[in-house]
Amino acid sequence: ELNASPRQPESQSKVDETPTESKMPLDRPFVAVIDDEPMIAKLVSSFLNRYGLDVRSSTTTSDARSLTHEAVAALVDIHLNGESGIDLVRELRSSGFKNPIIVVSGDRTRETVTESISAGITDYLAKPFDSNALVEKLRKHTGMQLARSV
């Protein structure tokens, strides 16, 4: 809750605070979403929260480098306002990021898909994408159960 009072009842611990993008609980995994369309991150976040995953997002490759460090997976757009998502994938892989990287892009050309694969992506999801397809790819590549909460 955004307007929470500074005092907490004794029965409520700090662990029960509502998470924010800047202060995430340590035990809740997150997916990094790097996309120049903020609405994509909001939609993905809204959907993945129902599966127990948080989302941290970035619209630039410079912010994405530090963001992905502890992510269980990264969703990366290919075209990021003049920056290259493919170059970001190469950087992440060369810096030791071993978790799944799923490219999410409207660019379905053979050249782009081939270049993405050679850069080190784990999978490719074409925009517009079905949110259930995203969950299935995350299940497949992370090994997480990801059961939808009620």
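Along each chain, numbering runs from 1 in the same order as the chain's sequence is written. Reporting of local features is limited, given that this is a predicted model, to residues whose pLDDT is at least 70; pairs of side-chain atoms are given and counted only at 80 or more, and all residues count toward the totals for whole chains, interfaces and linings. Each side-chain value is derived from all of the structure's non-hydrogen atoms; neither hydrogens nor water enter the calculation.

**Observations regarding the pairing of strand 6 (residues 101-105)**
Each regular strand shows side chains that alternate between the opposite faces of the sheet. The following threshold applies: Categorising residues by exposure relies on relative accessible area from a 1.4 Å probe, with only protein chains included: less than 20% of the type maximum marks a residue as buried, more than 50% marks it as exposed, and the intermediate range marks it as partly exposed. Think of it this way: any DSSP run of H or I at least four residues long counts as a helix, any run of E at least two long counts as a strand, and we number them from the N terminus. Two strands qualify as a pair provided that DSSP identifies no fewer than 2 bridges between them. A clockwise course of the path from the first strand over the helix to the second, judged with the strands pointing away from the viewer, identifies a crossover as right-handed.
The buried fraction of strand 6 amounts to 5 of the 5 residues, a majority that puts the element mostly inside the structure. Every second residue of strand 6 is oriented toward a common face, with Ile101, Val103 and Ser105 on one face and Ile102 and Val104 on the other, all of them buried. Bridging between strand 3 (residues 73-76) and strand 6 involves 3 bridges; their strand directions are parallel. Of the residues in strand 6, the one forming a bridge with Leu75 is Ile102. In this view, the connection linking strand 6 to its parallel neighbour strand 7 (residues 123-126) by way of helix 4 (residues 110-119) has right-handed handedness.

**A closer look at the nonpolar core**
Formally: Buried residues of nine kinds, namely Ala, Val, Leu, Ile, Met, Phe, Trp, Tyr and Cys, make up a nonpolar core once their side-chain atoms join them within 4.5 Å. Residue contacts are counted whenever heavy atoms from the two residues lie within 4.5 Å of one another.
Counting residues in each nonpolar core, the largest one holds 20 residues, and the members touching the most others are Ala32, Ile34, Ala74, Val76, Leu88, Val89 and Ile101. When residues of this core are traced back to their parent elements, those giving at least two are strand 1 (30-34), helix 2 (61-67), strand 3, helix 3 (85-94) and strand 6. Here this core gets 4 residues from one element, more than from any other, and that element is helix 3. The residues touching Leu88, leaving out its near neighbours within four places in the chain, are Ile34, Thr61, Ala64, Arg65 and Val76. Counting residues in each nonpolar core, the second largest holds 19 residues, with Ile40, Ile102, Leu134 and Leu138 among its members.

**As for the packing of helix 1 (residues 38-49) against helix 5 (residues 131-142)**
Stated precisely, the cut-off is as follows: To get an axis, a line is fitted to the C-alpha atoms, and for a helix only the part in contact is used. The angle between two axes follows their N-to-C directions and goes from 0 to 180 degrees. By definition, turning the near helix anticlockwise from the far helix through less than a right angle yields a left-handed crossing, and turning it clockwise yields a right-handed one.
Remark: helix 1 packs on helix 5, axes separated minimally by 11 Å, with the N-to-C direction vectors making an angle of 65°. The chirality of how helix 1 crosses helix 5 is right-handed. Residue-level inspection shows Val44, Phe47 and Leu48 of helix 1 in contact with helix 5, the latter providing Ser131, Asn132, Leu134, Val135 and Leu138.

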